[in-house]
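# Tertiary structure, described
Chain residues, written in single-letter form:
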Amino acid sequence: MSSNEAPPLAAKPDHVPPDLVVDYDIFNVPGARADAHLAIRAIARSAPEIFWTPRNGGHWVAAGGEAVAAMTADHERFSSDCIFVPQKPKDAQREFPIESDPPRHTAIRRPLTVALMPAVVAKREAAIRELAISLIEGLADRGECEFVGEFAQIFPIGIFLDLVQLPATDRPNA
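First, a word on what this report is: a plain description of the structure on this page. The structure presented is a predicted model; accordingly, all values stated were derived computationally and were not measured. Numbering of residues starts from 1 in each chain and follows the order in which that chain's sequence is written. Where local features are concerned, this predicted model is filtered to residues with pLDDT of at least 70; where side-chain atom pairs are given and counted, the filter is 80 or more; whole-chain, interface and lining totals use all residues. With hydrogens and water set aside, each side-chain value is computed from the structure's full complement of heavy atoms.

## What to know about the environment of A63
Stated formally: Segments assigned H or I by DSSP are reported as helices when at least four residues long, segments assigned E as strands when at least two residues long, and all are numbered from the N terminus. Should any heavy atoms of two residues lie within 4.5 Å, those residues are considered in contact.
Position of A63 relative to the elements: it lies in the loop between β2 (59-62) and α2 (65-73). Note: C-alpha distance between A63 and A36 (27 residues apart in sequence) is 14 Å. Those residues in contact with A63 that sit more than four places away from it in its chain are A44, P48, E49 and F51.

## As for the packing of helix α5 (residues 125-140) against helix α7 (residues 154-163)
Short version of the rule: All axes here are fitted lines through C-alpha atoms, helices being fitted over the stretch that makes contact, and every angle between N-to-C directions spans 0 to 180 degrees. What makes a crossing left-handed is the near helix being turned counterclockwise from the far one by less than a right angle; a clockwise turn instead makes it right-handed. Polar here means any residue other than Ala, Val, Leu, Ile, Met, Phe, Trp, Tyr, Cys and Pro, which are nonpolar, and Asp, Glu, Lys and Arg, which are charged; Gly is therefore polar.
In contact at an axis separation of 10 Å, α5 and α7 are set at 145° when each is read in the N-to-C sense. Judged by the twist between their axes, the crossing of α5 over α7 is right-handed. Here A127, I128, L131, A132 and L135 of α5 lie close against α7, whose contacting residues are I154, F155, G158, I159 and D162. Partitioning the contact of α5 with α7 into residue classes produces eight nonpolar, one polar and one charged.

## What about unusual backbone geometry?
Under the convention used in this document: Each residue gets one of three labels from its accessible area relative to the maximum for its type: buried under 20%, exposed over 50%, partly exposed in between, using a 1.4 Å probe on protein chains only.
The omega torsion of the bond from V85 to P86 falls at -10°, within 30 degrees of zero and hence cis. By the element assignment, P86 lies in the loop between α2 and α3 (104-115). The omega angle of the peptide bond from P102 to P103 is 5°, so this bond is cis rather than trans. Located in the positive-phi region is N56, a residue other than glycine, with phi close to 55°. If you trace the backbone, N56 turns up in the loop between β1 (50-53) and β2. In this structure N56 comes out as buried when scored by relative accessible area, which is 18%.

Here it is, written out as structure tokens:
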């Protein structure tokens, strides 16, 4: 296949009704170069709320927030076992808990859910504030920073390490 040829379309699974099949390529949305938001809105308005596309290995698409909520609540029909487009190979390592369904997802998420309860977070507020101040003070003398790499990626990792009681030295740029 040359670089100009599109990959072959996936065969429609037997359980997918023909009226829910839309030829849609998430990586090549018509009109997206001019205005990505309008291009995606056009698909959402013209397609079923939830549809299947044969592009990129074949996958389901949710065209709106309510559709996303419906799909994530229905793990029997819409498994989270593989959420990437194109799909990872079957033997590839999975990203937990996001690539798992109940009951495994629930068991994996439980410690994080407990750690993020409002009362628990409130008790950690001082440590979270201290981390933010420390990171900012480390950048302040320069008068500038690369915000994403020097703060936005580091700050939540620091909070997470504290929540799971791992050393701050495991944080990048610690």
